[in-house]
Amino acid sequence: MRIRVRLNGRTVEHDVEPRLLLVHFIRQVARLTGTHVGCDTGNCGACTVLVEGKAVKSCLMLAVQADGKDIVTIEGLANGGGLHPVQRAFIEKFGVQCGYCTPGMIMSACALLASIPSPSEFEVREALEGNLCMCTGYEQIVDAILHASTLDRGHGGPRRAPQAPHGRLGHGPGDPGRASGTTEAGHGR
Amino acid sequence: MGDSTRPLESDGVFVTSQWVGAAVPRREDARTVQGQARYVDDIDMDTAHVAFVRSPHAHARITAIDTRDAEASPGVLAVMTGRDVAAATNPVAPRGITASVTQYVMAVDKVRYAGEPVVAVVAGTQYLAEDAAARVHVDYEPLPPVVEIEEALAEGAPLVFEEAGTNVLLHDAFEHGDVAGAFRGADLVVKETFRMPRFSSTPLEPWAIIAQWDPGTGAFVVWSNDQQPGRTAINVSRTLRVPIDKVRYIIPDSGGGFGIKLAVWPYIVILCLLARRAGKAVRWIQTRSEHLLAGTHTPEALIEAELALARDGRFLAIRVNSKENDGSFVHTAGIYPLIKFAVIVGCYGIRATAFEFSTVVTNKAPTVQNRGVGKPGMTFVLERLVDLAARALDLDPAEIRRRNFVRPEQMPYTTPTGEVYESGDYPECLRRALELAGYDEWCRKRDALREEGRYLGVGIAAGIEPGTSNLGYYYISRGRPDFLGSVEGAMVGADFDGGITVVTGSVDAGQGHATTVAQVVADMLAIRPEQVSMSTHFDSATSPFAPHSGTYANRFNDVELGAVVAATRKLRAKMLRIAAFVLGVHERSLALRAGTIHVEGDPTKAVSFQEIAAYAYKKALLLPEEIEPGLREIAYYQNRAAKVPRREEFNIQLTHANAVHVVVAEVDVATGFVTLPKYVIVHDWGRQLNPGIVKGMVIGSTVHGIGAALYEEFLYSPDGQLLTGTFMDYLKPVALTVPRFDLGEMESPCPTSPLGTKAVGEGGAITSLPAIANAVEDALRPFGVTVTSLPITPEKTLRAIRGARVI
Ligand code: FES
Ligand code: FES
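Residues numbered from 1 in each chain as written. Chains lettered and ligands numbered in written order. Predicted model: local features only at pLDDT ≥ 70, side-chain atom pairs only at ≥ 80, totals over all residues. Heavy atoms only, no water.

**Q** What's the story with the overall build of chain B in this structure? I'm lost.
**A** Counting its secondary structure elements, chain B contains 20 helices and 30 strands. Taken over the C-alpha trace, chain B has a radius of gyration of 28 Å; the compact-globule value for 807 residues is 28 Å, and the two agree within 12%. Residues classed as buried in chain B amount to 66% of the 807 residues present. Expressed as a percentage of contacts within chain B between residues at least 6 apart in sequence, the contacts between residues at least 24 apart total 79%. Accessible surface for chain B amounts to roughly 26,300 Å². Of this, 51% is attributable to carbon and sulfur atoms. Across chain B, the mean location of the 80 positive side-chain charges is 2 Å away from that of the 94 negative side-chain charges. (Helix = DSSP H or I, 4+ residues; strand = E, 2+ residues; numbered from the N terminus. Rg over C-alpha atoms; globule rule 2.2 N^0.38 Å. Buried < 20%, exposed > 50% of the residue type's maximum accessible area, 1.4 Å probe, protein only. Contact = heavy atoms within 4.5 Å. Areas by Shrake-Rupley, 256 points an atom, 1.4 Å probe, with all protein chains shown as cover. Lys, Arg positive; Asp, Glu negative; His and termini not counted. Charge placed at Lys NZ, Arg CZ, Asp CG, Glu CD.)

Quick look at the structure:
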């Protein structure tokens with residue numbers, strides 16, 4: 001079957017077997033390997049991506065179901081050279097150990113902050129319920145996301161879902177990685 | 001900035017003090033947060049894919065294998081049965097066990113656990129390989145399985161390895177001090193039988209291997225997420241019958257290890273054979289189901305223990321009899337029993353110990369050294385006995401511990417078995433933890449809430465977290481030490497442009513080694529960490545690794561940094577010699593500053609690292625004859641505290657951190673669910689090199705313990721089928737079910753590690769188990785419940801409340 005998706009702002013078209021999982025399409029066809037596989041039952045969240053702005057476990061979706069959809073993976077967040085605030089916060093708060101859960105965690109965090117710009121700790125922990133981390137014990141990840149929500153404040157709100165008309169990366173002033181608008185272009189809007 | 005100009009003392013490690021001890025952000029993370037990390041399966045390489053046919057039976061004879069359909073399946077390049085594999089390999093070499101048994105890396109003629117690989121299939125894609133694997137027909141004649149420890153020990157039990165004549169592959173007993181006398185003279189003996197569950201720290205990335213074979217040279221290249229390349233090199237070459245240099249190991253980013261990736265090597269052997277057979281590079285990415293089913297687990301244990309006490313609460317002696325279910329893998333069988341006795345006396349001055357152990361094999365999955373290796377179980381047992389004793393003597397759990405702690409003035413303290421605790425202040429650690437927790441207040445609150453029908457309990461546990469294994473220990477019963485001590489290597493060099501490069505023998509699986517190494521080297525050479533380059537990927541072709549090399553047993557902070565420090569010293573000394581020559585002064589009058597070496601007191605008389613490198617390489621002709629060209633230094637390091645283990649004195653591990661956990665647990669007596677509203681950790685980590693990393697290790701490790709204490713268990717049916725084979729029923733802690741942690745500060749530098757550090761990676765997983773169990777038992781005191789087993793599941797808790805009285 002031929003499918004056509006918007007992947008990090010680029011259009012990707014490909015013939016796929018009907019049984020091909022979206023995560024395998026992303027990893028093996030589009031060669032974007034930042035999206036990981038940590039289980040085969042939809043429990044771990046390592047494969048989390050944004051589909052139409054919602055956090056989705058890409059191992060629970062077939063590639064054909066993504067036809068015509070807008071998908072953002074971890075590789076699509078930092079377009080333009082500057083890190084997304086959530087990415088920066090993960091570094092600053094030691095939210096990464098082995099890093100295998102990290103892309104999925106960050107995508108879940110982006111989806112959360114798009115709907116709740118200033119979440120409570122409980123809301124953060126609740127939003128991560130579908131994401132397993134075996135290394136950190138979660139605390140520094142939770143701290144990173146809470147920190148990211150403060151980095152966003154006052155700069156156009158948290159980054160919205162990519163198809164939202166005014167989505168911004170929300171880099172703070174003076175951020176050396178600030179990338180004057182190219183980030184949005186990268187998402188093809 | 002490296003702007004502190006300090007003369008070099010002849011034995012000084014650091015010349016600046018800017019980076020070591022600071023929470024320097026991890027250099028590994030910029031790639032990771034952008035999805036640019038490279039794990040094995042991310043390697044962009046044309047490979048075929050491997051799928052395994054695994055045994056559906058726990059115990060069966062293989063009567064026929066028909067691979068014809070599979071071979072004719074689309075895209076199939078090779079099919080290998082266990083017999084094919086056995087014909088090309090040597091059997092797996094056992095380490096700890098004394099019984100003589102034969103096992104290959106794939107099942108031959110008989111399967112010993114459900115999930116054991118029987119046939120391997122190689123095809124063009126993963127989907128095609130799985131299709132073909134489904135077309136392999138295997139006939140089995142089921143044999144009666146032995147699943148639980150008691151069954152395996154029963155008279156006439158079916159044998160997992162017939163040639164051994166028993167299911168006990170190792171049995172031994174040790175006694176240190178006058179145990180019988182202590183028990184005779186005791187005023188009180190507390191005795192209990194405990195059960196530790198079979199669980200795993202389940203790294204999020206399962207095992208992954210790519211193997212490539214070069215027909216021209218007969219050499220292999222292996223990409224894997226193995227965490228112990230030194231031993232793997234030995235095991236693979238011995239099993240595959242090729243010299244060590246014929247297999248090159250590359251370990252890219254690894255998605256967590258926790259010991260579970262110490263047993264990847266049998267599959268490396270299989271992948272190498274498949275690559276050679278298929279004539280194409282092959283890739284195997286273990287699925288989570290395969291991971292949970294077939295490899296690997298912590299063995300469950302049945303532990304009888306008794307503690308002898310004087311009336312005043314002093315501990316006189318401890319006696320332990322432990323039986324471990326090591327499943328069915330002879331390489332790791334017998335590793336657990338001895339190491340746990342590194343902590344048999346815990347933080348206490350117990351002067352007589354006796355222990356006996358049996359390594360039992362069954363038709364369960366293989367086991368491997370999971371985070372803490374036996375010490376979580378031993379500490380669970382000891383700290384449970386301490387609470388039972390406190391209750392029997394009507395003493396406060398904090399007070400009975402205080403009365404028995406090894407005292408700071410006794411340090412360094414040698415335990416009856418020869419373990420040397422180098423430093424620490426255990427009473428102070430407890431004091432800080434109780435204060436941070438608000439212990440008395442929680443006790444009052446517990447009593448008050450009980451009136452309202454809410455059941456809270458306060459649990460205390462004190463634990464030792466040893467680091468750096470003295471690897472001779474597990475050969476003690478065999479009497480033939482193969483490995484001894486713990487050696488690690490490092491290369492530190494200056495490149496042609498003066499940049500500093502480090503290559504280590506150990507691997508990284510999330511510990512941030514490159515960050516820490518860069519901090520250490522920066523302060524040794526008065527440069528910035530960014531000027532130190534270190535790959536997070538391991539390559540045996542360039543790494544100065546040793547047979548012990550790898551990341552396990554908390555050895556990085558000790559022996560790996562020891563090697564880095566030693567190599568950096570050599571490099572620094574050589575750079576000083578070259579600088580002295582160039583500047584025409586004596587080395588003693590030189591100092592380092594911001595990437596230069598200058599004459600002390602006159603920074604204008606300076607030579608940069610870049611110029612020194614130019615002299616060392618490009619312009620070596622200008623150097624005096626006695627200075628050898630080049631600027632790359634290799635050093636090997638071992639912890640000198642290690643002694644050759646003997647039965648009378650076997651120092652199992654070489655550094656000893658300690659911790660106190662104080663936990664408040666609330667049990668919902670209607671549902672049996674346990675929550676942890678308060679969790680305090682005071683972990684004496686010696687000297688911290690990077691507090692951000694240390695904190696993450698301590699908390700992450702503690703959460704592994706929470707999982708084992710409350711949720712996780714590999715349960716098997718009576719016929720040996722794994723019942724908890726996915727993350728839907730093998731439950732892991734999630735962000736919502738773990739508490740926020742209060743961490744106290746405690747730093748008693750270790751006198752025997754090169755930088756004063758102690759272990760931090762396993763202690764949480766050790767001390768948390770009894771802390772939580774003690775808290776739950778305290779909460780359920782009105783119901784008279786005793787906690788003797790883990791995990792404390794809602795079901796077990798409800799049964800206990802409703803009359804069973806025992807969890
Ligand atoms: S890989 Fe998708 S949830 Fe685990
Ligand atoms: S950092 Fe390793 S799984 Fe989260």
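**Q** Can you help me understand empty space enclosed by the protein in this one?
**A** Empty pockets left among the atoms are what a rolling probe the size of a water molecule brings to light. Residues and elements named next belong to chain B. This model, assessed by the stated rule, comprises seven cavities of 30 Å³ or more. Its boundaries defined by the atoms lining it, the largest cavity holds a volume of some 720 Å³. In terms of lining residues, the largest cavity is bounded by 50 residues, among which Gln511, Thr551, Asn554, Arg555 and Gly761 are the most central. A per-element tally of the lining of the largest cavity places helix H18 (residues 691-710) first, with three residues. (1 Å grid on protein atoms, 1.4 Å probe; cavity = no way out; pocket = protein on both sides within 12 Å on 5 of 7 lines; lining within 4 Å. Points joined across faces, edges and corners; volume = space filled by probe spheres on them.)

**Q** What is the right way to read the sheet that holds strand E16 (residues 353-360) of chain B from this model?
**A** Residues and elements named next belong to chain B. Strand order across the open sheet formed by five strands is E8-E16-E15-E14-E9, with mixed pairing between neighbours. Looking at the sheet topology across the chains shown, the edges are occupied by strand E8 (168-176) and strand E9 (188-196). On average, adjacent strands in this sheet sit at an angle of 5 degrees to one another, irrespective of strand direction. Here eight bridges tie E8 to E16, and the two strands are oriented antiparallel to one another. Its bridge partner being in E16, valine 168 is matched across the sheet by valine 360. (Pairing = 2+ DSSP bridges. Axes fitted to C-alpha atoms, helices over the stretch in contact; angles between N-to-C directions.)

**Q** What is the right way to look at the side chain of B:Thr788 in this model?
**A** Tracing the backbone shows B:Thr788 in the loop between helix H19 (763-779) and helix H20 (794-804). Excluding residues that lie within four positions of it along the chain, B:Thr788 makes contacts with B:Glu192, B:Thr193, B:Phe194, B:Arg195, B:Phe380, B:Val806 and B:Ile807.

**Q** What exactly am I supposed to notice about the packing of helix H11 (residues 375-393) of chain B against H19(B) here?
**A** Residues and elements named next belong to chain B. Across the interface, H11 lies against H19 with an axial gap of 8 Å and an inter-helix angle of 35 degrees. Of the two possible hands of crossing, H11 and H19 adopt the one that is right-handed. Contact residues: H11 offers Lys375, Pro376, Thr379, Phe380, Glu383, Arg384, Asp387, Leu388 and Arg391, while H19 offers Ala765, Ile766, Leu769, Pro770, Ala773, Asn774 and Glu777. (Left-handed = near helix turned anticlockwise from the far one by under 90°.)

**Q** I tried to follow the interface of chain B and chain A on my own but got confused; where do I start?
**A** One widely used convention gives an interface's size as the accessible area the parts lose upon coming together. Taken together, the contact between chain B and chain A spans 56 residues of the former and 51 residues of the latter. Summing the contributions of chain B and of chain A, the shared interface buries around 4,400 Å²; its carbon and sulfur component is 57%. Of all residues in chain B, B:Val33, B:Tyr127 and B:Leu204 bury the most surface against chain A, accounting for 18% of the area lost on that side. On the surface where chain B and chain A come into contact, there are seven salt bridges. Between A:Asp143 and B:Arg740 there is a salt bridge, with its nearest N and O atoms 2.5 Å apart. Here chain B and chain A share 26 residue pairs in polar contact (both at pLDDT 80 or more) between them. Elements with a minimum of two residues in the side of chain B that touches chain A: helix H1 (29-33), helix H4 (126-133), helix H9 (288-294) and H18 of chain B. It is H18(B) that provides the largest number of residues to the side of chain B that touches chain A, a total of nine residues. (Buried area = accessible area lost by both parts, 1.4 Å probe. Salt bridge = Lys/Arg side-chain N within 4 Å of Asp/Glu carboxyl O. Polar contact = N/O pair within 3.5 Å; in protein donor to acceptor, adjacent residues only side chain to side chain.)

**Q** Help me out: how do you make sense of the nonpolar core in this one?
**A** Here is a general trend for soluble globular proteins: nonpolar side chains tend to be buried in one another's company. Formed by 227 residues in total, the largest nonpolar core has its most connected members in A:Phe90, B:Val282, B:Val662 and B:Val776. Those residues within four positions of B:Val662 in sequence are excluded, and the remaining contacts are B:Ala433, B:Leu434, B:Ala437, B:Tyr439, B:Val458, B:Gly459, B:Ile460, B:Lys678, B:Tyr679 and B:Val680. One finds B:Trp19, B:Ala522, B:Leu561 and B:Ile627 within the second-largest nonpolar core, a separate group that totals 52 residues. (Core = buried A, V, L, I, M, F, W, Y, C linked by side-chain atoms within 4.5 Å.)

**Q** Hey, could you run me through the pattern of salt bridges in this one?
**A** Oppositely charged side chains can form a pair if their charged atoms are brought close together. All told, the structure shown has 58 salt bridges over all chains when counted by the stated rule. Note that A:Arg19 is salt-bridged to B:Asp131, the shortest N-O span being 2.8 Å. Remark: B:Asp131 occurs in helix H4 and A:Arg19 occurs in the loop between strand E2 (10-15) and helix H1 (22-29); the pair is interchain, linking two chains. Assessed through its relative accessible area of 34%, A:Arg19 is described here as partly exposed. In this structure, the salt-bridge partner of B:Glu300 is B:Arg198, at a minimum N-O distance of 2.7 Å.

**Q** How should the confidence of the model for chain A be read in this particular structure?
**A** Predicted coordinates in regions of low pLDDT should not be interpreted in detail. All names here are of chain A. Confidence in the prediction for chain A averages 84 pLDDT; 79% of positions are at 70 or higher. When pLDDT is averaged over each helix and strand of chain A, the minimum, 31, is found for helix H6 (residues 182-186) and the maximum, 98, for strand E3 (residues 48-51). Of the regions scoring below 50 in pLDDT, residues 153-189 engages in 75 contacts with residues more than four places distant in sequence or in other chains. (pLDDT = per-residue confidence, 0-100.)

**Q** What exactly am I supposed to notice about the packing of helix H2 (residues 85-92) of chain A against helix H3 (residues 102-115) of chain A here?
**A** Between two packed helices, both the angle of their axes relative to each other and the distance between the axes serve to describe the pair. Residue and element names in this part refer to chain A. Contact geometry for H2 and H3: axes closest at 10 Å, N-to-C directions at 125 degrees. Relative to H3, the element H2 lies oblique. Crossing angle aside, the handedness with which H2 passes H3 is right-handed. On the side of H2, the interface is formed by Val86, Gln87 and Phe90, while H3 contributes Thr102, Met105, Ile106, Ala109, Cys110 and Leu113. A class-by-class count of the residues in the contact of H2 with H3 yields seven nonpolar, two polar and no charged. (Parallel < 35°, antiparallel > 145°, perpendicular 65-115°, else oblique. Nonpolar A, V, L, I, M, F, W, Y, C, P; charged D, E, K, R; others polar.)

**Q** Looking at this model, I keep getting lost on helix H13 (residues 426-437) of chain B. Mind explaining?
**A** Each turn of an α-helix holds 3.6 residues, which means side chains three or four residues apart point in the same direction. Residue and element names in this part refer to chain B. Here H13 spans 16 Å end to end across 12 residues, near enough to the 16 Å set by a 1.5 Å rise per residue. Looking only at H13, the buried set comprises Tyr426, Pro427, Glu428, Cys429, Leu430, Ala433, Leu434 and Ala437. At the N-terminal boundary of H13, the capping side chain belongs to aspartate 425, with an oxygen 3.1 Å from the backbone nitrogen of glutamate 428. Looking one or two places after H13, you find glycine 438, whose phi comes out positive at around 65 degrees. (Expected span 1.5 Å × (residues − 1).)

**Q** I keep staring at the domain arrangement of chain B and nothing clicks. Help me out?
**A** Residues and elements named next belong to chain B. With domains assigned, chain B is organised as domain 1 (2-37 + 487-638), domain 2 (43-143 + 225-274) and domain 3 (300-473 + 643-804). Measuring from the centre of the C-alpha atoms in domain 1 to the corresponding centre in domain 3 gives 39 Å. In this complex, domain 1 contributes 28 residues to the contact, which on the side of domain 3 involves 26 residues. Here domain 1 and domain 3 share zero salt bridges between them. (Domains from an automatic or database assignment.)

**Q** What's the story with the pairing of strand E20 (residues 487-494) of chain B in this structure? I'm lost.
**A** Sheet faces and side chains relate simply in a regular strand, where the side chains alternate between the two faces. All names here are of chain B. Taking burial as the measure, the eight residues of E20 include eight buried ones, the bulk of the element. Of the two faces of E20, the one carrying Val487, Gly489, Met491 and Gly493 and the one carrying Glu488, Ala490, Val492 and Ala494 are both buried. As judged from the seven bridges shared by E20 and strand E27 (residues 632-638), these two strands associate in the antiparallel manner. When the sheet's bridge partners are listed, glycine 489 is paired in E27 with tyrosine 636. Examined bridge by bridge, E20 and strand E21 (residues 500-504) share five bridges and lie antiparallel to one another. The residue of E21 that forms the bridge with methionine 491 is valine 503. Once E20 ends, the chain turns through five residues before running back antiparallel as E21, passing glycine 498 with a positive phi of about 90 degrees.

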